[in-house]
Amino acid sequence: MLAEIITIGDEILIGQIVDTNSAWMAIQLNLAGIKVKQVTSVSDDADHITEALKLAEQRARIILITGGLGPTKDDITKFTLAAYFGMGMRRDEETLNHVTNIFEKLNRPMIESNRKQADVPDGCVVIQNKNGTAPCMWFEHNGNIIVSMPGVPFEMMYLMEEEILPRLKNSFKLPFIVHKTLLTAGIGESFLAAEIAGLEDALPDHIKLAYLPRLGQVRLRLSGSGADEDALRNEVEKHARLIIDRIKKYVVVEEDIALEKALLDIMARRGLTLSTAESCTGGYIAHLITQHPGSSAVYMGGAVTYSNKLKESVLGVSGKTLADFGAVSEATVREMAQGALDRFETDYAVAVTGIAGPDGGTADKPVGTVWIAVAGNQGVKARLFTFGNKRVQNIERSAIAALTMILNELGQDYS
């Protein structure tokens, strides 16, 4: 079963807002056994909307539209849909009562543009929007289902979860979809593909393998579809185990979670604590860690020691070390890691120092030179990395490399 998503609004096309609706809807549709064929964004223009709808009906049986249902003149979606389907407009009394009640509860005057929110194409099925004033409209045309929803995310999400998805499931016999995600680190996508090429070739047609690379990590997602959910889940798990056995040393966790969340979970299970000492990453590692609820059980804190003065006073790095080797050096990063371990009294500490760029590099230490060290009860281990010349990417790569080094120190058994 194929679907297409159409998002309407000039604000999307000029980059004023980011279209998060499509990503969220695609996830929900996929979980329901509906494959998204295409996502299209169009302006608040009747001809553009009409053309997008014509093409979508040729590609998919389910078309989900968001946006353009507000009370202002640029909100033309429902009038364009009425013209497309050859329908007139009517005022839906249930919607009008709903809108009136909202304004009465807010103790606000209701003007004619608000009443027009209740005007809908006379051939559609109206689905009330309990979280807003713009109703959802359901059309059936040439064997296809077209649904128009508000663009406000929390209104759209409510309608999808409570109304649209249940109706679609009742309208079509949909397959079960089962996903299994493996998070890997420390190996590139092409090398990973080479390691498991034979296993990938042996997958049955109804199970697909996707590579989802990010800086310093790759997610492997097995996706299966079929009529028997339990049998399908067992089959996907069987193929996942074969892959895990082949690349065990690179598999961090068998869940679709962030790398730092996997690290936190592992350390929490073992009762271990962590601290950070950051220079070129400027607190980015601490940010990644602390964005997750429950991180305080593992992460005790850290220091952003950008200057040499703070490296000395906060972390206890020797002035002689800094003078002899410089801030970006193995000697300095080792003392940073050990200083954090001692001062913050944690089981592990990670330190990063480098040249993020775009300037500051030298012939022997070019932009992208980064030293990372991990300190623990087995001593201090340091490693040199050479990244590129993009500042933001260097910061992100450094953080992921630091997290991966901690995982390596914890050992391959992540239980």
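All chains use their own residue numbering, which begins from 1 and follows the written sequence. Residue-level local features of this predicted model are given only where pLDDT is at least 70; pairs of side-chain atoms are given and counted only at 80 or more, and the full residue set underlies all totals for whole chains, interfaces and linings. To obtain the side-chain values, all non-hydrogen atoms of the structure were used and water was disregarded.

Digging into the overall build of the protein
Definition in use: Each helix is a run of DSSP H or I of at least 4 residues and each strand a run of E of at least 2, with the numbering of both proceeding from the N terminus. For this measure, only C-alpha atoms enter the radius of gyration; the expected value for a globule follows 2.2 Å times N^0.38, where N is the number of residues. Partly exposed describes any residue whose relative accessible area lies between the buried limit of under 20% and the exposed limit of over 50%, with all areas from a 1.4 Å probe on protein chains only and scaled to the type maximum.
On a plain count of helices and strands, the protein comes out with 16 helices and 17 strands. The C-alpha atoms of the protein give 27 Å as radius of gyration, which overshoots the globular expectation for 415 residues (22 Å, by more than 25%). Considering only C-alpha atoms, the protein reaches an extent of 80 × 55 × 40 Å along its principal axes. Across the 415 residues of the protein, 50% fall into the buried class.

Description of the packing of helix 13 (residues 308–315) against helix 15 (residues 330–344)
What counts here: Fitted lines through C-alpha atoms give the axes, limited to the stretch in contact for helices. The angle between two N-to-C directions lies from 0 to 180 degrees. Should the near helix be turned counterclockwise from the far one by less than a right angle, the crossing is left-handed, whereas a clockwise turn marks it as right-handed. Residue contacts are defined here by distance: any two heavy atoms, one from each residue, within 4.5 Å place the two residues in contact. When residue character is reported, Ala, Val, Leu, Ile, Met, Phe, Trp, Tyr, Cys and Pro are called nonpolar, Asp, Glu, Lys and Arg charged, and the others, Gly included, polar.
Helix 15 packs onto helix 13 with a crossing angle of 40° between their chain directions and a minimal axis gap of 9 Å. Every pair of crossing elements has a handedness; the one defined by helix 13 and helix 15 is left-handed. Across from Lys311, Val314 and Leu315 in helix 13, the residues of helix 15 making contact are Thr332, Glu335, Met336, Gly339, Ala340, Arg343 and Phe344. Of the residues in the contact of helix 13 with helix 15, the class split is 5 nonpolar, 2 polar and 3 charged.

A look at the sheet that holds strand 9 (residues 176–185)
Short version of the rule: Strand pairing is defined by DSSP finding a minimum of two bridges between the two strands.
Taken together, 4 strands build an open sheet; the order of strands is 10-11-9-12 and the sheet is antiparallel. At either end of the open sheet lies a strand with only one pairing partner, and these are strand 10 (207–214) and strand 12 (251–253). Each adjacent strand pair in this sheet contributes to an overall mean axis angle of 35°, direction not counted. Summarising the sheet, strand 10 and strand 11 (residues 217–226) pair through 8 bridges and their orientation is antiparallel. The partner of Leu209 across the bridge, within strand 11, is Leu222. The sheet strands contacting helix 10 (residues 229–246) are strand 9, strand 10, strand 11 and strand 12, and the helix crosses strand 9 at an angle near 20°.

Remarks on the sheet that holds strand 7 (residues 136–141)
Strand pairing in a sheet takes place through backbone hydrogen bonds and is either antiparallel or parallel in direction. Read from one edge of the open sheet, 6 strands run 2-1-3-8-7-6, paired in mixed fashion. Across the chains shown, the open sheet's two edge strands, defined by having one partner strand only, are strand 2 (35–42) and strand 6 (125–127). Mean inter-strand twist for the sheet, computed between neighbouring axes without regard to direction, equals 20°. Both strand 7 and strand 8 (residues 144–149) contribute to a ladder of 5 bridges, which runs antiparallel.

Observations concerning the pattern of salt bridges
In plain terms, the rule: What makes a salt bridge here is a side-chain nitrogen of Lys or Arg within 4 Å of a carboxyl oxygen of Asp or Glu, nothing more.
A complete count under the given rule lists 16 salt bridges for this structure. The closest approach of N and O atoms between Lys261 and Asp265, which form a salt bridge, is 2.7 Å. Of this pair, Lys261 and Asp265 both sit in helix 11 (residues 259–270), 4 residues apart, which is roughly one turn of the helix. Between Glu409 and Lys381 there is a salt bridge whose closest N-O contact spans 3.5 Å. One end of the pair, Glu409, is in helix 16 (residues 391–410); the other, Lys381, is in strand 17 (residues 379–386), and 28 residues separate them in sequence. Sharing partners across several salt bridges, the network here consists of Arg91, Glu112, Arg115 and Asp119.

A look at the environment of Gly271
With respect to the helices and strands, the residue Gly271 is situated in the loop between helix 11 and strand 13 (274–278). The sequence separation of Gly271 and Val298 amounts to 27 residues, and the corresponding C-alpha distance is 7.6 Å.

Description of the packing of aromatic side chains
Operational definition: Two rings from Phe, Tyr or Trp (for Trp, the six-membered ring) form a pair when their centres sit within 6.5 Å of each other. Planes less than 30 degrees apart are called stacked, planes more than 60 degrees apart edge-to-face, and all others tilted.
Considering all chains together, one arrives at 3 aromatic pairs under this definition. Considering the side-chain rings of Tyr84 and Phe85, the 5.0 Å spacing of their centres and the 85° angle between planes classify their relative orientation as edge-to-face. Look at Phe85 and you get buried, because its relative accessible area is 14%. Between Phe385 and Phe387, the ring centres sit 5.6 Å apart and the planes meet at 20°, which makes this aromatic pair stacked. Assigned by exposure class, Phe385 and Phe387 land together as buried. Pairwise contacts between aromatic rings join Tyr84, Phe85 and Phe139 into one cluster.

Some details on the side chain of His292
To keep things clear, this is the line we draw: By the criterion applied in these results, polar contacts are pairs of N or O atoms within 3.5 Å in which, for protein atoms, one can donate a hydrogen and the other can accept it, and in which residues neighboring in sequence qualify only through two side-chain atoms.
Along the chain, His292 turns up in the loop between helix 12 (284–290) and strand 14 (299–304). A polar side-chain atom of His292 sits 2.9 Å from a polar atom in the side chain of Glu260. For His292, the residues in contact, after removing those within four places along its chain, are Ala258, Glu260, Lys261 and Leu264.

Section: the nonpolar core
Heads up, the condition is: By nonpolar core we mean a set of buried residues, namely Ala, Val, Leu, Ile, Met, Phe, Trp, Tyr and Cys, connected to one another through side-chain atoms within 4.5 Å.
In this structure, Val252, Leu259, Leu263, Met267, Leu274, Ile372 and Leu410 are the most contacted members of the largest nonpolar core, which totals 39 residues. Taken together, the elements giving at least two residues each to this core come down to strand 9, strand 12, helix 11, helix 12, strand 15 (348–354), strand 16 (369–376) and helix 16. A total of 10 residues in this core trace back to one element, the largest contributor, which is helix 16. Residues within four places of Ile372 in sequence aside, it is in contact with Val333, Val350, Ala351, Val352, Lys381, Ala382, Arg383, Phe385, Ser398, Ala401, Ala402 and Met405. Membership of the second largest hydrophobic core comes to 24 residues, among which are Trp24, Met25, Leu64 and Ile145.

Considering unusual backbone geometry
The omega torsion across Gly357 and Pro358 is 5°, close enough to zero to call that bond cis. In the Ramachandran plot, Asn107 falls in the positive-phi region, its phi being about 55° despite a non-glycine side chain. Residue Asn107 is classed as exposed on the basis of its relative accessible area, which comes to 71%. Of note, Asn142 is a non-glycine position whose phi angle comes to about 55°, a positive value. Position of Asn142 among the secondary structure elements: in the loop between strand 7 and strand 8.

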